[in-house]
Amino acid sequence: MRRKVLLGSLLTLLAFQPISAKDFFFGFTSHGSNFWLGNLMQTPVYLLNECLLGGGATSIGMDWISVSSTDDSNIRMQNGNYFGFKARDMFNNFGYGAQVTYMPQYSWFGIWVEGGYKYRQFRMSLDMPEQETNKYKLNAWYAGGGIRLTIKPMLEEHEWAPFIEYGTRYNAVFSPKAPFDNSTDQFGKGISMRLGIGARILLEDEQSLNLSVSYSLPQYDYFNRDFETSTGFKPYENIKARNHSIFINIQTEF
């Protein structure tokens, strides 16, 4: 109910704002979660945005799965080493997508919609007979949107201003390489909430630069606790798992 009221208020305020084509921005997005290759793997997206579109977003940060048990199970999770040189560390937790933003240069409010692809791999040991360390290599898609509130008077006077943003995403895994016959049903899917703070800086030629830090908090279990194997065993029944992330984001609006 609160979300509907907030969205309704935002749309009402935007209705009094003259809409211009130059207030819409399209760009490709990317993120990486390894200190050594995180930025390098985003280079193609950066060049594409700069050469063809003039805007876009890149992010660097950390993405991990937290695991706890509801009983005395011994579960070990290996998310990968952020500073690691092994292939499973360097080519891990990255993604690409696209984003459309409506953000007038001098405005309190802005909105965006986005969608994209994510890849992650990790290892996990489950407390079960003949226990072994299982490898997971997962593809996932996401789609969502959000709103941004900027302190407009500061932007007009100082050409920079702080902002806060709130967004949601729907996340789902597809085509996994995982134990239990690579079944997609063993993974949860649902909404994650994104909260961020940052600063918007006006540049020359009516461009702007947004620098922010964002945290993503999932509202669903990463593993399907009701999933059953062909033998009737529920490997994730006593596991609570959440996929968290925190990123530093750089966005250019042309």
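Everything here concerns the structure above.
The paragraphs below set out a description of the structure included in this document. (Residues numbered from 1 in each chain as written. Predicted model: local features only at pLDDT ≥ 70, side-chain atom pairs only at ≥ 80, totals over all residues. Heavy atoms only, no water.)

### With respect to the nonpolar core
So, step 1. Ranked by internal contacts, the top residues of the largest apolar core, which has 19 residues, are Phe122, Met124, Tyr136, Phe187, Tyr222, Phe223 and Tyr236.
So, step 2. Elements supplying a minimum of two residues to this core: strand 5 (109-125), strand 6 (133-150) and strand 10 (239-253).
So, step 3. Broken down by element, this core gets its largest block of residues, three residues, from strand 6.
So, step 4. Leu37, Met90, Phe94 and Tyr119 belong to the second largest nonpolar core, which has five residues in total. (Core = buried A, V, L, I, M, F, W, Y, C linked by side-chain atoms within 4.5 Å. Buried < 20%, exposed > 50% of the residue type's maximum accessible area, 1.4 Å probe, protein only. Helix = DSSP H or I, 4+ residues; strand = E, 2+ residues; numbered from the N terminus.)

### Some remarks on the side chain of threonine 229
So, step 1. With respect to the element layout, threonine 229 can be found in the loop between strand 9 (208-218) and strand 10.
So, step 2. Within the structure, threonine 229 has its side chain in polar contact with the side chain of threonine 231 (distance 2.9 Å).
So, step 3. Contacts of threonine 229, omitting those with residues within four sequence positions, involve Phe180 and Pro235. (Polar contact = N/O pair within 3.5 Å; in protein donor to acceptor, adjacent residues only side chain to side chain. Contact = heavy atoms within 4.5 Å.)

### Some thoughts on empty space enclosed by the protein
A probe matching the size of a water molecule, rolled over the atoms, marks out where space remains unfilled.
So, step 1. Under the definition given, this model contains three cavities of 30 Å³ or more.
So, step 2. Of the voids in this model, the largest cavity is the one considered here, and its volume is about 520 Å³.
So, step 3. As for the largest cavity, its lining consists of 37 residues, and the residues nearest its centre are Ser59, Arg169, Arg194, Phe247 and Asn249.
So, step 4. Tallied by class, residues from the lining of the largest cavity come to eleven nonpolar, 19 polar and seven charged.
So, step 5. Contributing to the lining of the second largest cavity are 17 residues, with Lys118, Arg120, Ala140, Tyr222 and Asn243 lying nearest its centre.
So, step 6. When its residues are assigned to classes, the lining of the second largest cavity shows eight nonpolar, six polar and three charged. (1 Å grid on protein atoms, 1.4 Å probe; cavity = no way out; pocket = protein on both sides within 12 Å on 5 of 7 lines; lining within 4 Å. Points joined across faces, edges and corners; volume = space filled by probe spheres on them. Nonpolar A, V, L, I, M, F, W, Y, C, P; charged D, E, K, R; others polar.)

### Side note on the environment of isoleucine 246
So, step 1. Along the chain, isoleucine 246 falls in strand 10.
So, step 2. Linking isoleucine 246 and valine 213, residues 33 residues apart in sequence, is a C-alpha distance of 7.2 Å.

### Considering the pattern of salt bridges
So, step 1. Taken as a whole and judged by the stated rule, the model has seven salt bridges.
So, step 2. Across the salt bridge formed by arginine 120 and aspartate 63, the nearest N and O atoms sit 2.2 Å from each other. Pair noted here: arginine 120 is in strand 5 and aspartate 63 is in strand 2 (residues 56-69), with a separation of 57 residues, a long-range link.
So, step 3. Owing to a relative accessible area of 15%, aspartate 63 belongs among the buried residues under this scheme.
So, step 4. Among the salt bridges present, the one from arginine 148 reaches glutamate 165, with a minimum N-O distance of 3.3 Å. (Salt bridge = Lys/Arg side-chain N within 4 Å of Asp/Glu carboxyl O.)

### A few points about the packing of aromatic side chains
So, step 1. In total, this model carries 17 aromatic pairs according to the counting rule given.
So, step 2. Aromatic side chains tyrosine 136 and phenylalanine 187 sit 6.2 Å apart centroid to centroid with 80° between the ring planes, which places their arrangement in the edge-to-face category. Of this pair, tyrosine 136 sits in strand 6 while phenylalanine 187 sits in the loop between strand 7 (160-177) and strand 8 (190-202), and the two are 51 residues apart along the sequence.
So, step 3. A ring pair is formed by phenylalanine 223 and tyrosine 236, whose centres lie 4.6 Å apart and whose planes are at 10°; its orientation type is stacked. A residue pair is termed long-range when its members are at least 10 positions apart, and phenylalanine 223 in the loop between strand 9 and strand 10 and tyrosine 236 in the loop between strand 9 and strand 10 qualify at 13 residues. Tyrosine 236 matches phenylalanine 223 in its accessibility class, with the two residues each being buried.
So, step 4. Sitting over the face of the ring of phenylalanine 163, arginine 148 holds its NZ or CZ atom 4.6 Å from the ring centroid.
So, step 5. Here arginine 169 stacks its cationic end above the ring of tyrosine 142, 4.0 Å away from the centre of that ring. (Phe/Tyr/Trp six-rings, centres within 6.5 Å; stacked < 30°, edge-to-face > 60°. Lys NZ or Arg CZ within 6 Å of the ring centre and 35° of its normal.)

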